[in-house]
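Now for the letters of each chain:
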Amino acid sequence: MEEGPYKCVRDGNGTVNRVIRMGTRKSQLARIQTDYVAEKLKTLYPDVHLEIVAMSTIGDKILDTALSKIGEKSLFTKELENALERNEVDLVVHSLKDLPTTLPNGFTIGAVLQRESPHDAVVLHPKNSGLTLDTLPDGSVIGTSSLRRAAQLKKRFPHLEFKDIRGNLNTRLKKLDEKEDYAAIILAAAGLKRMGWEARVSQVLGPEDCMYAVGQGALAVEVRARDCDILEMVSTLHHSETVLRCIAERAFLRRLEGGCSVPVAVNTEVKDSVLSLTGAVYSLDGADSLKEAMEISVDPGNKLESAADIQHVGVTAHNVPQCAQVAAEKLGVDLADLLLSKGAMEILTTARKLNDAR
């Protein structure tokens, strides 16, 4: 990867300023998220000119197939990373849950911003206003393209049926409202909030109903690992608690070799310098599952130290104590190992095979 010349512009005073090109998906939500990151950077670095470059990804183009069936881990990130590699953009803004736990060589997550609610939300068809998943009539159809959501909710709400629904947030809401195919759909609460659609949320699902996806609710900024100046610039956006929670979650998922095609769910919390992680794996119908919890101290006094330039499941965070990052990654790996020792791989392998056969 040869580094091309940086793009610069001359302002009204004749000063030459560098242009930072930000890559993003074309969807409205992706643009909102990128604009949010751009505003943060502009506040911190008023002299830098930011240019947004939008593009479509595989996941945006294939809209008639469930994500878990496409068989590509980088559904929403590959084209953006290709642009990053070709020096067409200098950084890329992602929903962290879209980023695989192993990044291509030469890339790193340079910032993980403060997390919005990581939970899932129920959006009802207008005719079902006032109801909940518990009170919807038997046989009501719930739309979700997530194996993780479907597996947990099938077990928790056996009177409901679950069917795939694809498309961006706008498309899925339109499918819900304009047809009678779905009684409700399940969406990430964070996306609905960022779109300004909180009024459509009729129910937020807590961990007792549906644990969330790894990284859900957090935004990530991916950069070229060798671009020290860009890495230093975006690192100011890191939110320490979110970084630690997401490192633990990503380490858990990577150890389990999970992805879109298997139902894996998590719940994390930091309280009094203790990071707790609950993780679970499910069969496709939710009937078979394994769930365990562990915790670890992430107090900076913890002596699990490491080199300052190391990545933890793709994340580079120099301004978060390394010992805490090491502890967070260890927690994720240890919890995954506990589940694997109890038969998690058998559940996930069966789920993957059944999903491939659908």
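So, here's what we can say about the structure.

Scoring rules and cut-offs
Residues numbered from 1 in each chain as written. Predicted model: local features only at pLDDT ≥ 70, side-chain atom pairs only at ≥ 80, totals over all residues. Heavy atoms only, no water. Helix = DSSP H or I, 4+ residues; strand = E, 2+ residues; numbered from the N terminus. Buried < 20%, exposed > 50% of the residue type's maximum accessible area, 1.4 Å probe, protein only. Salt bridge = Lys/Arg side-chain N within 4 Å of Asp/Glu carboxyl O. Contact = heavy atoms within 4.5 Å. Axes fitted to C-alpha atoms, helices over the stretch in contact; angles between N-to-C directions. Left-handed = near helix turned anticlockwise from the far one by under 90°. Nonpolar A, V, L, I, M, F, W, Y, C, P; charged D, E, K, R; others polar.

## Observations regarding the environment of Ser 129
Examined against the element boundaries, Ser 129 turns out to sit in the loop between strand E6 (120–124) and strand E7 (141–143). Here Ser 129 falls in the exposed class, since its relative accessible area comes to 61%. Spatially, the C-alpha atoms of Ser 129 and Arg 200 are 9.8 Å apart, while their sequence positions differ by 71 residues.

## Topic: the pattern of salt bridges
Close approach of charged atoms allows side chains of opposite charge to pair. If you walk through the whole model with that rule in mind, you get 20 salt bridges. Residue Asp 177 pairs with Arg 200 through a salt bridge whose shortest N-O separation is 2.8 Å. Of this pair, Asp 177 sits in helix H6 (residues 169–178) while Arg 200 is found in the loop between helix H7 (189–194) and strand E10 (201–205), placing the two residues 23 residues apart along the sequence. On the basis of relative accessible area, Asp 177 is assigned to the partly exposed category, the value being 30%. A salt bridge links Glu 241 to Arg 245; the nearest nitrogen and oxygen atoms lie 3.9 Å apart. Here the residue Glu 241 and the residue Arg 245 both occupy positions in helix H9 (residues 240–256), the gap between them amounting to 4 residues, near one helical turn. Its relative accessible area of 11% is what places Arg 245 among the buried residues. Several salt bridges share partner residues, and in doing so they unite Arg 21, Asp 90, Arg 224, Arg 226 and Asp 227 into one network.

## Notes on the environment of Met 22
When you line up the elements, Met 22 lands in strand E2 (residues 16–25). Met 22 gets classed as buried once you look at its relative accessible area, which sits at 0%. A sequence separation of 15 residues divides Met 22 from Val 37, and the C-alpha atoms of the two residues are 9.5 Å apart. Setting aside anything within four residues of it in sequence, one finds Met 22 in contact with Thr 34, Val 37, Ala 38, Leu 41, Leu 50, Glu 51, Ile 52, Val 53, Val 89, Leu 91 and Val 93.

## Considering the side chain of Asn 267
Looking at the element boundaries, Asn 267 is found in strand E12 (residues 264–271). When its relative accessible area of 18% is taken as the criterion, Asn 267 is described as buried. Not counting the four nearest positions on each side in its chain, Asn 267 is found in contact with His 119, Pro 207, Met 211, Tyr 212, Ser 276, Leu 277 and Thr 278.

## Some details on the packing of H9 against helix H10 (residues 322–341)
Across the interface, H9 lies against H10 with an axial gap of 7 Å and an inter-helix angle of 35°. The handedness of the crossing between H9 and H10 is right-handed. Touching Leu 244, Ile 247, Ala 248, Ala 251, Phe 252, Arg 254, Arg 255 and Leu 256 of H9 are Ala 324, Gln 325, Ala 328, Glu 329, Leu 331, Gly 332, Val 333, Leu 335, Ala 336, Asp 337, Leu 339 and Leu 340, all from H10. Looking at the contact of H9 with H10 residue by residue, the class counts come to 14 nonpolar, 2 polar and 4 charged.

## What to know about unusual backbone geometry
One non-glycine residue, Asn 87, lies in positive phi territory at about 60°. Here Asn 87 lies in the loop between helix H4 (78–85) and strand E4 (91–95). Residue classification places Asn 87 among the buried residues on the basis of a relative accessible area of 11%. In this structure, Ser 273 takes a positive phi of about 65° despite not being glycine. Mapped onto the elements, Ser 273 comes out in the loop between E12 and strand E13 (274–282). Take Ser 273: its relative accessible area is 30%, and that puts it in the partly exposed class.

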